[in-house]
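Report on the structure
What follows is the residue order along each chain.
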Amino acid sequence: MSSDYSYDEQGQFYPFFIFTLSTIVTLPLTYSLLTPSKDPEALAPRIRTSYKPEHADLIQAQANAYKRKQRKVKRAIAVIIGWAIMAGMLYLIITTQRTTAKIWNPYDILGLSESATEKQIKTHYKKLGLKFHPDKIRPDPAKNETVESLNDKWVEMSKAYQALTDEEVRNNWIKFGHPDGKQGFSIGIALPKFIVSDGNGKYVVLAYAMLLGVLLPYLVGSWWYGTQRMTKDGVLVESANSLFREYTDATDEGDLITALSTGKEFGSFLKGDKAESGLAKIESRILEKGQVTPFAGGLSEKDKTKLEDLESGVRRKVLALLWAYLGRVELDDQALNSAKYLVAPVAQSLCRSFTSIALAYGNTAPLLASYYISQRLIQAIPPKASPLFQLPYFTPAVVKAVEGDSKIHMSIQQFMELPDSHRRKLSIGKGLLSEEQYKTALEVSKQLPYFQVAKAFFKVTGEKYIIPQSLVSFVVKGRFVPPGSTDVPAIDELDLEDVDPAEDDLDAMLGRKKTIKDSSGKIVSEEFKPVAPPVTFAPSYARDHSPKWHVFLSDSKQGRMAVPPFTFTTFDKSIFTADGKPTYHMQTLKAQFAAPPQAGNYTFVMHLVCDSYVGFDTKMEVTLSVEEASKAAQMVAEDEISEPEEDSLAGQMNVLKGGPVAKRKVDEESDDESGTEEEESDTSATNTDTEDES
């Protein structure tokens, strides 16, 4: 038995192979390319304003460059090439004529019917011998006949005759499909023969070696190395390790800015001569005397010392650029200003990594510092600086004129609560705001998503009391009330209730629907459609950023987290109308955690922190009341005592007090019945006095 190689001379098979291979690669790439973006920044509305900051073109160019990088241009090119190859192969598949391999059949070779007798076979074979025997026939050039082809044809006829007349040969044909017995197998190669013949074989071997020995290991290695060198927060492991070493329980905002400068990511755009060029100029500018801060860059004396203690190099320049960005310091150099805006998004990603480290330790101060620095990196405001810098055209001179000599900064909400005449007197004038700039600042302010907490409480779904180790829901009710809003409607008490879903309403229990009370007090379910807040108004930040709200509980006595943060990026009701007006809808934020193992009253501090705006945070005390399981059962039993009937003296007194009464029921068998109304879920005692954090 021998083996042979057959090649795709007619091009019948290799188009199928290439078409299949390209389809396997192209279709998933096409799906990933055409799938609508789930990026909240791409879908969220935007704050309407014509304001453009200084160096707006430079900031926009960096934002556009980042967007182009996210558009996956290389993937789009690969998809186009893939579809072109698929189209070409499909054309070949359709147009190439097919050849089918014939089964060796002695009757067909001799031109006989399968019902022919042995006598007829012999007679017919003799006639063929007279016509086709090599001694009787001569080649016909007109038919492209040669002596060899005629001999091969006669040999084939002889084998066919033997297969029908000779017992041994006939058995070979029946058993193996050929008169000569078992044949060698053929290996089909879906390539034309010219590719691997005439000395081209070495190129095929080289191509396979490059594909399997170089390209494939490189791709797999790159993927594996990429997964190992990056953390889940999207920063280099080396940078995360540096942040871990910089962490202390007493880390404040200035310390964190210094820690962020350790990131290795900055080296990607501060290479070679850029690592130290212009450092002296940056430092001289940020250390100039500031109008509202000791230094123009917003540094404290401690921060200045840390900067000067660093050796010259990438880290020192990064730290100087960060202070220049936060202080909005003009560097009078295109390259330096460009680097100033480049460092902020990188520092923001590193800040998220530091937040993860702080969460692992559980200390409140470093965690809050990371959230506050996130706000200030996005808004380009130094630590401890006024929140008013978030408004358009508010320079240090304007902020100083508005705040005066007060040591306590004014929030945007407080500024917008001032009478308009007083605001104008403080902020409009020579060297301050113009009338047009003042109007722009107010327009932006009235679109900022300030979440105003109305109520916060604990509950257990379907239960009236909270017992140890039960699954507690912490519910925060609030509305988005932009600073400067007027004619804000009063809060509807029905909106402050958190209605439990029906036990048979699976969609509501899984969060696909929300359960509410309508204006008549009837419990209804409606489809849940997440609503994204507007993209953060951050004109100096060269990225689109969707704001997030973090809610967590802390123990103020120990300075530690009691319940880790829950992050909210979307809400259950619309925030603004199509024309940009606030809806004042009551929003619900809900987080779940296990109740303490012991009964008692637990007082926590709730922190609601927005990662994008300075001064939009809320801090308030909340009390969780946990009852012993036996005591809770007893209280439930006592609560189930029937209310007085409405036509009784006690019932009428209860009505006057606003209490529940039972409808009188007529029953022939018993007069002891009393009506009960459906119990509404109660909540633990909660102190909802709010305090804004500036």
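Residues numbered from 1 in each chain as written. Predicted model: local features only at pLDDT ≥ 70, side-chain atom pairs only at ≥ 80, totals over all residues. Heavy atoms only, no water.

1. Observations regarding the overall build of the protein
The following threshold applies: Each helix is a run of H or I in the DSSP string that is no shorter than four residues. Each strand is a run of E no shorter than two, and both are numbered from the N terminus. Each residue's exposure class comes from its accessible area (1.4 Å probe, protein chains only) as a fraction of the maximum for that residue type: buried when under 20%, exposed when over 50%, partly exposed otherwise. Whether two residues touch is decided by their heavy atoms; if any such pair falls within 4.5 Å, the residues are in contact.
Regarding its fold elements, the protein presents 24 helices and twelve strands. Per-residue burial for the protein yields a buried fraction of 40% across its 694 residues. If you take every contact in the protein between residues at least 6 apart in sequence, the share linking residues at least 24 apart comes to 67%.

2. With respect to helix H4 (residues 73-95)
Note the threshold: For a helix, the expected span equals 1.5 Å multiplied by the number of residues minus one.
With 23 residues, H4 extends 33 Å from end C-alpha to end C-alpha; this agrees with the ideal 33 Å at 1.5 Å per step. All of the buried residues in H4 are Val79, Gly82, Met86, Met89 and Ile93. Turning to H4, the residues buried within the fold contact helix H1 (14-34).

3. Focus: the packing of aromatic side chains
Heads up, the condition is: Note on ring pairs: Phe, Tyr and Trp rings are taken, using the six-membered ring of Trp, and paired if centres are within 6.5 Å. Classes follow the plane angle, with under 30 degrees stacked, over 60 edge-to-face and the rest tilted.
Summed over the entire model, instances satisfying the criterion amount to 22 aromatic pairs. Here phenylalanine 266 and phenylalanine 269 contribute two aromatic rings whose centre-to-centre distance is 6.3 Å and whose plane-to-plane angle is 80°, an arrangement assigned as edge-to-face. Its relative accessible area of 0% is what places phenylalanine 266 among the buried residues. With relative accessibility at 18%, the residue phenylalanine 269 sits in the buried group.

4. Remarks on the sheet that holds strand E3 (residues 451-459)
Counted only if it meets this: Note on pairing: DSSP must find at least two bridges between two strands before they are called paired. Throughout, an axis means a line fitted to C-alpha atoms (over the contacting stretch in the case of helices), and angles, computed between N-to-C directions, take values from 0 to 180 degrees.
In space, the three strands of this open sheet follow the order E3-E4-E9, with antiparallel pairing throughout. Two strands in the sheet have a free side with no partner beyond their single neighbour: E3 and strand E9 (586-594). Taken pair by pair, the neighbouring strands of this sheet meet at an average axis angle of 20°, ignoring direction. Here eight bridges tie E3 to strand E4 (residues 471-480), and the two strands are oriented antiparallel to one another. In the sheet register, phenylalanine 458 faces E4, and the bridge partner there is phenylalanine 474.

5. Some remarks on the side chain of threonine 251
How we decide: Distance and chemistry together define a polar contact, namely a pair of N or O atoms within 3.5 Å, with one atom able to donate a hydrogen and the other to accept it when in protein, and with adjacent residues in sequence counting only for side-chain atoms on both sides.
Here threonine 251 shows up in the loop between helix H11 (237-246) and helix H12 (253-260). Note on threonine 251: relative accessible area 5%, which makes it buried. Polar side-chain contacts of threonine 251 include one of 2.8 Å to the backbone oxygen of threonine 248.

6. Section: the environment of proline 565
Its place among the elements puts proline 565 in strand E8 (residues 560-568). For the pair proline 565 and tryptophan 549, spaced 16 residues apart in sequence, the C-alpha to C-alpha distance is 9.4 Å. Leave out the neighbours within four places in its chain, and proline 565 touches Leu359, Leu367, Tyr371, His550, Val551 and Phe552.

7. Considerations on the packing of helix H20 (residues 420-427) against helix H21 (residues 435-445)
The criterion, for reference: We call two directions roughly parallel when the angle between them is under 35 degrees, roughly antiparallel when it is over 145, roughly perpendicular when it lies between 65 and 115, and oblique otherwise. Two helices cross in a left-handed way if the nearer one is turned anticlockwise from the farther one by less than a right angle. They cross in a right-handed way if the turn is clockwise. Basically, the charged four are Asp, Glu, Lys and Arg, the nonpolar ten are Ala, Val, Leu, Ile, Met, Phe, Trp, Tyr, Cys and Pro, and anything else, Gly included, counts as polar.
Two numbers describe how H20 lies on H21: the axes approach to 11 Å, and their chain directions differ by 125°. By the angle class used here, H20 and H21 are oblique. Read as a crossing pair, H20 and H21 show a hand that is right-handed. Residues Asp420, Arg423, Arg424 and Ser427 of H20 form the contact with H21, whose participating residues are Glu435, Tyr438 and Leu442. Considering only residue class, the contact of H20 with H21 consists of two nonpolar, one polar and four charged.

8. Side note on the packing of H12 against helix H14 (residues 301-309)
Viewed as axis vectors pointing N to C, H12 and H14 meet at an angle of 20°, and their least axial separation amounts to 9 Å. If you check the angle between H12 and H14, you find them roughly parallel. Between H12 and H14 lies a crossing whose hand is right-handed. In this structure, H12 uses Gly254, Asp255 and Thr258 to contact H14, whose residues at the interface are Lys302, Asp303 and Lys306. Among the residues making up the contact of H12 with H14, the classes are represented as no nonpolar, two polar and four charged.

9. Considering the nonpolar core
For clarity, the cut-off: To form a nonpolar core, buried Ala, Val, Leu, Ile, Met, Phe, Trp, Tyr and Cys residues must be joined to one another through side-chain atoms within 4.5 Å.
Ranked by size, the top nonpolar core spans 57 residues in total, and within it Leu260, Phe266, Ile282, Ile286 and Leu377 carry the most contacts. Secondary-structure elements contributing two or more residues to this core are helix H3 (56-70), H11, H12, helix H13 (279-286), helix H15 (314-326), helix H16 (334-361) and helix H17 (364-379). Among the elements that line this core, the one with the most residues is H16, at twelve residues. Beyond its immediate stretch of four places on either side in the chain, leucine 260 contacts Leu243, Phe266, Ala347, Leu350, Cys351, Ile373 and Leu377.

10. Examining the pairing of strand E7 (residues 549-555)
The side chains of a regular strand alternate, residue by residue, between the two faces of the sheet. Most of E7 sits inside the fold, with six of its seven residues counted as buried. Where E7 and E8 come together, six bridges link them in antiparallel fashion. Residue pairing in the sheet places serine 554 in a bridge with methionine 561 of E8. Hairpin connection, E7 to E8: the antiparallel pair is bridged by four residues, and glycine 559 has positive phi, about 70°. Pairing between E7 and strand E10 (residues 600-610): six bridges, direction antiparallel. Across the sheet, residue tryptophan 549 finds its bridge partner in E10, namely cysteine 610.

11. Section: the pattern of salt bridges
Keep this limit in mind: When a carboxyl oxygen of Asp or Glu is within 4 Å of a side-chain nitrogen of Lys or Arg, the pair counts as a salt bridge.
All chains considered together, the criterion is met by 15 salt bridges. With a closest N to O distance of 3.6 Å, lysine 122 and glutamate 118 form a salt bridge. Residue lysine 122 and its partner glutamate 118 are both found in helix H6 (residues 118-132); the two are separated by four residues, about one turn of the helix. Residue classification places lysine 122 among the partly exposed residues on the basis of a relative accessible area of 37%. Arginine 376 is the salt-bridge partner of glutamate 253, the closest N and O atoms lying 3.5 Å from each other. Here glutamate 253, found in helix H12, pairs with arginine 376, found in helix H17; they are 123 residues apart in sequence, far enough to count as distant. Members of the salt-bridge network, linked through shared partners, are Asp252, Asp255, Lys302 and Lys306.

12. Notes on the environment of glutamine 60
Turning to its location among the elements, glutamine 60 is positioned in helix H3. Assessed through its relative accessible area of 41%, glutamine 60 is described here as partly exposed. On a C-alpha basis, the gap between glutamine 60 and tyrosine 541 in space is 9.2 Å, while along the polypeptide they are 481 residues apart.

13. Some thoughts on the environment of isoleucine 81
Relative to the helices and strands, isoleucine 81 is located in helix H4. Note: C-alpha distance between isoleucine 81 and serine 22 (59 residues apart in sequence) is 9.4 Å.

14. Considering the side chain of glutamate 403
Cut-off, in case you're wondering: As used throughout, the charge tally considers Lys and Arg to be positive and Asp and Glu to be negative, leaving His and the chain termini uncounted.
Secondary-structure assignment places glutamate 403 in helix H18 (residues 396-403). Buried within the structure, glutamate 403 lacks any salt-bridge partner; its nearest side chain of opposite charge belongs to arginine 376, at an N-O separation of 9.8 Å. When sequence neighbours within four positions are dropped, the list of residues in contact with glutamate 403 reads Ser386, Leu388, His409 and Met410.

15. Some details on a nonpolar patch on the surface
Stated formally: Here a patch means residues that are over 30% exposed by relative accessible area and free of salt bridges, tied together within 9 Å if like-charged and within 5 Å if nonpolar (Val, Leu, Ile, Met, Phe, Trp, Tyr). Only the protein chains shown count as cover for residues, and the accessible areas themselves come from Shrake-Rupley with a 1.4 Å probe.
Where nonpolar side chains cluster on the molecular surface, the patch consists of Leu211, Leu212, Leu215, Leu216, Tyr218, Leu219, Val220, Trp223 and Trp224 and spans about 980 Å² of accessible area. Within the secondary structure layout, leucine 219 lies in helix H10 (residues 201-229). The partly exposed category is assigned to leucine 219, whose relative accessible area is 47%.

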